[in-house]
Amino acid sequence: MWNFWYTNQSPSKNCTHAYLSPFPLLRDEHNSTSYDSAIIYRGFWTVLMLLGVLSIVMASFFIICAAPFASHILYKAGGGFFIIAGVLFSLVVVMYVIWVQAMADLENYTNMKKMDCPDFAVYVHYGWSFMLAPIGVFFALLAGMLFLLVGRAIYLHSD
């Protein structure tokens with residue numbers, strides 16, 4: 001057991017994970033929030049994300065309260081909040097793409113890192129959560145439109 005856990009270890013690796021910031025980066029300084037522009041950009045991104053989550057929670061609350069088909073106004077309010085959440089989440093996705101593709105200066109970052117490590121290479125990969133985000137935006141917009149339609153149908157048949 002001792003050999004398995006302690007003495008039979010693979011040689012250590014020198015891996016460095018990097019968080020790329022599209023804002024100016026000084027050599028030997030790795031704080032991505034040290035610039036006002038980074039704080040403002042990330043602040044907007046965070047606020048949009050939180051507003052989207054809050055919109056989804058509010059929409060769900062309105063839809064749950066309107067569940068017995070009692071109030072068409074609550075269905076319409078819930079549908080409106082779902083649409084607002086879909087728009088906010090699409091802005092978050094667009095801001096992330098702009099961050100990674102347009103603002104991040106990968107060429108200068110690579111050149112700076114090659115001074116320390118000549119075989120340094122940068123690979124940009126989108127994760128599974130990024131791939132699912134547009135699907136979530138689509139379903140939020142679809143739910144919003146469907147609940148607006150349900151609210152309209154309840155209003156038309158309530159006479």
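This one's a predicted model, so the numbers in the text were calculated from it and none came from an experiment.

Chemist: Please give an account of the overall build of the chain that cites residues and values.
Modeler: The helix and strand inventory of the chain stands at five helices and zero strands. Ordered by position from the N terminus, the helices and strands of the chain form the series α-α-α-α-α. Scored against the burial criterion, the 159 residues of the chain give a buried share of 25%. When contacts within the chain are restricted to residue pairs at least 6 apart in sequence, long-range pairs at least 24 apart make up 69% of them. Surface accessibility of the chain: about 11,500 Å² in total, with carbon and sulfur atoms responsible for 69%.

Chemist: Residue-level account of the packing of aromatic side chains, with values.
Modeler: For the coordinates displayed, the defined rule picks out six aromatic pairs. Taken together, a centroid distance of 5.9 Å and an interplanar angle of 15° make the contact between F82 and F147 stacked. Of this pair, F82 sits in helix 3 (residues 72–103) while F147 sits in helix 5 (residues 128–157), and the two are 65 residues apart along the sequence. By relative accessible area, F82 is classed as buried at 11%. A cation over an aromatic ring shows up here: K76 above the ring of Y155, its NZ or CZ 5.1 Å from the ring centre.

Chemist: Which residues make up the confidence of the model for the chain, and what values do they have?
Modeler: This prediction gives the chain a mean pLDDT of 79; 74% of its residues lie at or above 70. The spread of mean pLDDT over the elements of the chain runs between helix 1 (residues 2–7), the lowest at 62, and helix 5, the highest at 92.

Chemist: Before we move on, could you go through helix 4 (residues 106–114) and cite the residues and values that matter?
Modeler: Listed in full, the buried residues belonging to helix 4 are Y109, T110, M112 and K113. Around the axis of helix 4, the buried residues are gathered within 165° of arc, so they sit on the same side.

Chemist: Describe the side chain of S55, listing the residues and the values that go with them.
Modeler: Of note, S55 is situated in helix 2 (residues 36–65). We classify S55 as buried; its relative accessible area is 6%. Look past the residues within four positions of S55 in its chain and what remains in contact with it is F81, I84, A85 and L88.

Chemist: Which residues make up the environment of S71, and what are the values?
Modeler: By the secondary structure assignment, S71 is in the loop between helix 2 and helix 3. When the C-alpha atoms of S71 and I154 are compared, they prove to be 7.8 Å apart, with 83 residues separating the residues in sequence. Within the local environment of S71, its side chain forms a polar contact with the backbone nitrogen of L74, the two atoms lying 3.4 Å apart.

Chemist: Before we move on, could you go through the environment of F69 and cite the residues and values that matter?
Modeler: Along the chain, the position of F69 falls in the loop between helix 2 and helix 3. C-alpha separation for the pair F69 and I154, spaced 85 residues apart in sequence, amounts to 7.1 Å. Excluding its chain neighbours within four sequence positions, the residues that come into contact with F69 are Y75, V150 and I154.

Chemist: Could you give me a rundown of a nonpolar patch on the surface, with the residues and numbers involved?
Modeler: Taken together, W128, L132, I135, F138, F139, L142, L146 and L149 make up a surface patch of nonpolar side chains, about 860 Å² in accessible area. With respect to the secondary-structure elements, L132 resides in helix 5. A residue is classified by how much of its surface remains accessible, and L132, at 46% relative accessible area, is partly exposed.

Chemist: Got a sec to walk through the environment of W99? Specific residues and values, please.
Modeler: The residue W99 is located in helix 3 in this model. On the basis of relative accessibility, which here comes to 8%, the residue W99 falls in the buried class. Along the primary structure W99 and R42 are separated by 57 residues, whereas in three dimensions their C-alpha atoms are 9.8 Å apart.

Here is what the cut-offs are and how they apply
Residues numbered from 1 in each chain as written. Predicted model: local features only at pLDDT ≥ 70, side-chain atom pairs only at ≥ 80, totals over all residues. Heavy atoms only, no water. Helix = DSSP H or I, 4+ residues; strand = E, 2+ residues; numbered from the N terminus. Buried < 20%, exposed > 50% of the residue type's maximum accessible area, 1.4 Å probe, protein only. Contact = heavy atoms within 4.5 Å. Areas by Shrake-Rupley, 256 points an atom, 1.4 Å probe, with all protein chains shown as cover. Phe/Tyr/Trp six-rings, centres within 6.5 Å; stacked < 30°, edge-to-face > 60°. Lys NZ or Arg CZ within 6 Å of the ring centre and 35° of its normal. pLDDT = per-residue confidence, 0-100. Arc of directions from axis to C-beta. Polar contact = N/O pair within 3.5 Å; in protein donor to acceptor, adjacent residues only side chain to side chain. Patch = residues over 30% accessible without salt bridge, like charges linked within 9 Å, V, L, I, M, F, W, Y side chains within 5 Å. Salt bridge = Lys/Arg side-chain N within 4 Å of Asp/Glu carboxyl O.

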